[in-house]
Every structure is written in C-alpha cells, then in structure tokens.
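Each chain, written out:
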Amino acid sequence: MLLGASLVGLMVFSKLVLRLPWTQVGFSLLLLYLGSGGWRFIRIFIKTFRRDIFGGLVLLKVKAKVRRYLRDQETVPVLFASTVQRHPNKTALIFEGTDTHWTFRQLDDYSSSVGNFLQARGLASGDVAALFMENRNEFVGLWLGMAKLGVEAALINTNLRRDALRHCLTTSQARALIFGSEMAPAVCEIHDSLDSSLILFCSGSWDPNTVPIGTEHLDPLLEDAPKHLPSRPDKGFTDKLFYIYTSGTTGLPKAAIVVHSRYYRMAALVYYGFRMQPDDIVYDCLPLYHSAGNIVGVGQCLIHGMTVVIRKKFSASRFWDDCVKYNCTIVQYIGELCRYLLNQPPREAETQHQVRMALGNGLRQSIWTNFSSRFHIPQVAEFYGATECNCSLGNFDSQVGACGFNSRILSFVYPIRLVRVNEDTMELIRGPDGVCIPCRPGQPGQLVGRIIQQDPLRRFDGYLNPGANNKKIAKDVFKKGDQAYLTGDVLVMDELGYLYFRDRTGDTFRWKGENVSTTEVEGTLSRLLDMADVAVYGVEVPGTEGRAGMAAVASSTGSCDLEHFAEALEKELPLYARPIFLRFLPELHKTGTYKFQKTELRKEGFDPAVVKDPLFYLDARKGCYVPLDQEAYARIQAGEEKL
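Residues take numbers from 1 onward in each chain, read along the sequence in its written order. Since the coordinates come from a predicted model, pLDDT governs what is reported: local features require at least 70, and pairs of side-chain atoms require 80 or more to be given and counted, while whole-chain, interface and lining totals use all residues. Neither water nor hydrogens contribute to the side-chain values; these are computed over all heavy atoms in the structure.

By the naming in an unreviewed UniProt entry, the chain goes by Arachidonate--CoA ligase and is assigned to Marmota marmota marmota. Per UniProt, the comment on the chain under Subcellular location (unreviewed entry) is "Endomembrane system". UniProt positions are given in the numbering used here, feature names are shortened, and annotations may be inferred rather than shown by experiment. According to UniProt, the comment filed for the chain under the heading Sequence similarities (unreviewed entry) is "Belongs to the ATP-dependent AMP-binding enzyme family."

Put into structure tokens, the structure is as follows:
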C-alpha cells in the first residue's frame, strides 16, 4: 500500500510540477517500482497469471450456475433428473463386490421407490432417517430417495459403536433407521436404549434371528413400492440435504449440515477445476458416509453423468486390478491410501490401467512424485476442504505437495486467508486494531474463510447442534465486524500463493484417514481405567500420514492389565481411534480450568531416551500392548514396525 501511494505521488509530482512527458514519467515509475522490490510482483505475475485466470474462470462458472439454481430453487434430485434425461441407459453405478451395474434409469427408479415407500410409512419433508450401511449402490439410492421426498438422511459412520452410535441416532432425532445386514450386531448392542418409536429396516441378506425385534426386511418392500417420482417437496437450493458426522474438539461426533448448494458446489468445483469429462469413470473406494466418497466421488455421477465404481472397502492388493477391469480413468485417494499402494510389491496391473488422474487429499509431498511416476498417473488432483468448511482449495496444476492456491495478485477475489496463531495455544493473534494478522509467505497460520450467508459459496451451514458452531466461527478476522470460519488447520503459503498443509489445531488428530477426537477417546479410556486421568494427543511417526494416537495415563502403579485393556478397547473404539502409544506417569498437570496440559507431552513424544515413564505400544501383529524400549523405538523410526 505504501509503495502504491509513493508511485501515485511520484506520478502527480512528475506530471503536474515537473511537467515531464508521459514516457519519462512511465520510465521513472518503472525504475522506482523495480528498485523497491516490485520485480518480485512481476515474477509472481508471470508465473501465476495463467493459473489464476483459469481458477477465476472456474469460480465464475460455478458462481453463475449457483446463481441460476438458487433463483430456480433447484435441488440435487432435480439436477439428477436432468442427468437421467440426458442418458437414461448409461451406467451410473457399479458395485465391485457383486459386479452389479445400475443405469441412471435404474438408480432413478430405485430412489423413487424409496421415497414412495417412506412416504407411505408416514415420513415427510423435514423428517430425518438414519442410514447405517457399508458401501454399495443401494447406499446412494437410499439417501437420494429420501431427498426426493425431502427427508434428511443422517449418514452414520460404520465404525461407530455403542455410546457414539447411540449419540448419532438420538441427536439426529431420526424417525427411522435403515441399516445393512452387516451392521445388525452393532444395532442389536444398543437397541434396548433406543427410542421405541424408531422404525427399523434392514437391507441385504435377511435372517430375522440376527436383527432386533420389530425390524422389517426393506428389500422386498422396495420392490413392491411405486417407482413414479414422488411429489416434489418444499425444498430449495439452500435447504438441508443430509448430515455427515465429523469428529471435533467437543467429544462425540457432530452432525455437519450439508445443504443442496453445498453438495453441488463441492462436486462442481472439483469437476471444472480438474477438467473432468462426462465419459470419465471414477473408482471410489472411500466411505460413502464421508464427503470425499459421497460428494466429491458420487456427486460426479449424480450431477455430471459420470460412471462411478463403488468398492465396499479399500484393498491395496486389488486396487489396480479393479481399475483395469472397469476401465477407470480417475481414482480417489486419501494420503494413507497412496502409501499403502506404494508399499505393495510391483504388479502388472499397475501399468496396464487407463487412470489419468488421482483425486483426493492428504498425499504427502515426500511420496508425491514417487506415487505419480511409479503408477504412471499424469495428474495428481489434490484438494482441501472439510465437509462443513466454506474455503475449499484445489491444486489445479499439479504443483507437487500443494493442496491448493490463492492468487497473490487478486487475493480479494477469493476471501480466504492464513492468519497467525499462537503455536502453543493455537489462539488467533490479533493486531492493535483487534483484527487478525495475516501471514506472510513462508509463515504458517490457520486457514480461515469469510462468511457471507447470502452467498451459497461463502455461507457456513454449521452443525445440527447450534452450540457446536461457536468454536468454528471467529469475529473481526478480515476486518472489524465480519465473521469467518475457522478450519482448525495450519497451512503455509509460498511466494507464488501455493498452499501446503502443515498440521491440525485443537484437540483432534488425523490417523488412518480419519479425524479423531481426543476428548471422546479420553472419556472412553478413563472409564475403562476406573476414571483415571487420561490425556490423549497425536504424535508424529516417521513414514506415516497424520499423527498416531498417544495416551498419557495417571497411574500410581505405572501400568495396568494391558491384555484386558486392549480387548476392551477393541470393543469400544474403532481401529483408527485406539491409542498406538501409552505412557504411565504419576500425575497429569492441569490448567486452572481443569484442562490437561498437553504441549509438553506432545513435544516429548514416545522416545524412551526422553521419556523416563513406562512406555508401551500397540503391537499390530500380536494385538496387544508391549513395552516400548530403545530397540522397539528404533524399529518404529525405521518403519520396520507395523502400526
């Protein structure tokens, strides 16, 4: 700003006072500009203007479509109807598990039968129905059918059990629960504590002896249901579509609200930003209860008419065989998935596929080039964006390691920013005017996005529980009086505006592709250990993505019945949430508000040379905790120990 004012002042002085010709004025301005560091701007402009223009055009295209859909009050089912009309007989979904192919017309008929059936059972627009099922074609047809009726689906993580599962069902106020037969044991565990009015339907193989009393077999009921399009509900582009449960700092899973405009925005920005085509075939082995699998992946089918191959679960050994079999051109990933593929021995199929793009997030910079070169994938389409966030990013030109970019020249066009935070407390640092301080290139900071509720691209829909929104919104961030969404993630920007993921803030850590709430794990561990003080945090492990869970336990004896403890954890927590490392110490230090002080614990990690307290780690081969000595530590550091 000071440089700009100086240039304007010089121009006025040279022309009006000295009366120099415009050629000399221009030459003087250029010399001053370059002499004061302006050459950097020219370098940045030359290197980024094509990228920025393309990104701007993508944003304008999506904005124009969003404006039109908002005006016409379109919804995802309405957009899907247009897709069906364009090519009804094209294959929409393929389920790898049974090699079942559904055309767009079949998906349309199935979803319509779902809507008509639920309507006959008394469900109406605005009601909630929970969906608890592993990946398959029916998963998509079920929530889409609910949306045709205006019923909001609560998509439940299939790893959840007991308290967490019960919490998701009760907080969603679901009137019905549709679960896959494979999830019947988990439903039986909590059935007695559920509301007696909850209607239960089971889809898949049927054995009345393995499901709760009163459960109905859904599949034959849907076959008999009418297949005409249900009457359109009173829903618009910014109304609720479904809920995705995400772990946060408040403990138990939170229901993030996904509205129709958000579903479209996430799918469209990826489609146009990464230059996808309608004839692409996507390989989707990510969970459909998450936004990556169900919006970024399946959204390309529903909105843009692409064929999507669904796999029940990721398999490193079958990945490339599936891609060859189904002629996939785009594969989805999370960071860990790429590492698992690289750890596989070379196979013929990995060079025989037609994959031209790997689409996902979390690919570590250290394996990025190795991954793309070994598997001959020309484009790595890395993006950033949590389910509920309003500041998605895209790496449109495959810059190694970057999760996206923001223009250095026209930064105001896309209102996101990295702001400085206290590295120990992760609190926002503000200037004398009370406004957050933006980061300079190379300076890590928390990513934030300005909230503009009237703009579907900038709005924040938040969580089903309004109280959970407070920690995700900050005031006076870009300027006085504004509001911004806090991602909880620390990124760093280089001189050209490329953004690189650095870490997560707050009481969560990411492991095995899942965000883990330390508060939730602490509560479970404390209960299992007779209410002992337990602090859970993430620690870095060389060669792995994210952070492994570590639990510091206050214990006078320095241990516990580790065999029984491991068995109990297997029943209580999903695999990704179980602590890999245990540390037993006499006392845990707390703050004045009785919060555990984890900063020092996190810094000390699990090195026996640093930590003198008893240490243990979860031996994946034995399935139990064993002492962590210097030899075991060396094996973990060398990547020789499976975690």
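Back to the text.
(A) Expanded view of empty space enclosed by the protein. In this analysis, the protein atoms alone were mapped onto a 1 Å grid. Cavities are point sets where a 1.4 Å probe fits without being able to get out; pockets are open sets with protein on both sides within 12 Å along at least five of seven lines; lining residues have an atom within 4 Å of a point. Grid points are joined across faces, edges and corners, and a volume is the space filled by probe spheres set on the points. Applying the stated criterion across every chain, the model contains one cavity of 30 Å³ or more. Computed from the structure, the largest cavity encloses a volume of approximately 30 Å³. If you go around the largest cavity, the residues you meet are L59, R265, L269, N390, Y414, L457 and R458. Considering only residue class, the lining of the largest cavity consists of four nonpolar, one polar and two charged. The residue classification treats Ala, Val, Leu, Ile, Met, Phe, Trp, Tyr, Cys and Pro as nonpolar and Asp, Glu, Lys and Arg as charged. All others, Gly included, are polar.

(B) Looking closely at the pairing of strand 26 (residues 581-585). With five of five residues buried, strand 26 is to be regarded as a mostly interior element. Going residue by residue along strand 26, you find F581, R583 and L585 tucked away on one face and L582 and F584 tucked away on the opposite face as well. Pairing between two strands is assigned when DSSP locates at least 2 bridges connecting them. The numbering of helices and of strands both runs from the N terminus, where a helix is a DSSP run of H or I of at least 4 residues and a strand a run of E of at least 2. As paired elements, strand 25 (residues 548-554) and strand 26 share five bridges and run parallel to each other. Residue pairing across strands places A554 opposite L585, the latter belonging to strand 26. Handedness rule for crossovers: strands pointing away from the viewer, path from the first strand over the helix to the second running clockwise, crossover right-handed. Handedness of the strand 25-helix 15 (residues 562-572)-strand 26 crossover: right-handed. In terms of strand pairing, strand 26 meets strand 27 (residues 615-619) through three bridges, oriented antiparallel. Paired with L582 across the two strands is F616, which belongs to strand 27. A 1.4 Å probe rolled over the protein chains alone gives each residue an accessible area, and that area as a share of the maximum for its type sets the label: buried under 20%, exposed over 50%, partly exposed in between.

(C) Highlighting the packing of helix 3 (residues 76-86) against helix 5 (residues 137-149). The geometry of helix 3 relative to helix 5 is characterised by a closest axis approach of 9 Å and an angle of 110 degrees between their N-to-C directions. Our classification of the angle between helix 3 and helix 5 gives roughly perpendicular. For the pair helix 3 and helix 5, contact is made by V76, P77 and F80 and by W143, L144, A147 and K148, respectively. Orientation is described by axes fitted as lines to C-alpha atoms, over the contacting stretch for helices, and by angles from 0 to 180 degrees between their N-to-C directions. For classification purposes, an angle smaller than 35 degrees is called roughly parallel, one larger than 145 roughly antiparallel, one from 65 to 115 roughly perpendicular, and anything else oblique. We call two residues in contact whenever any of their non-hydrogen atoms come within 4.5 Å of each other.

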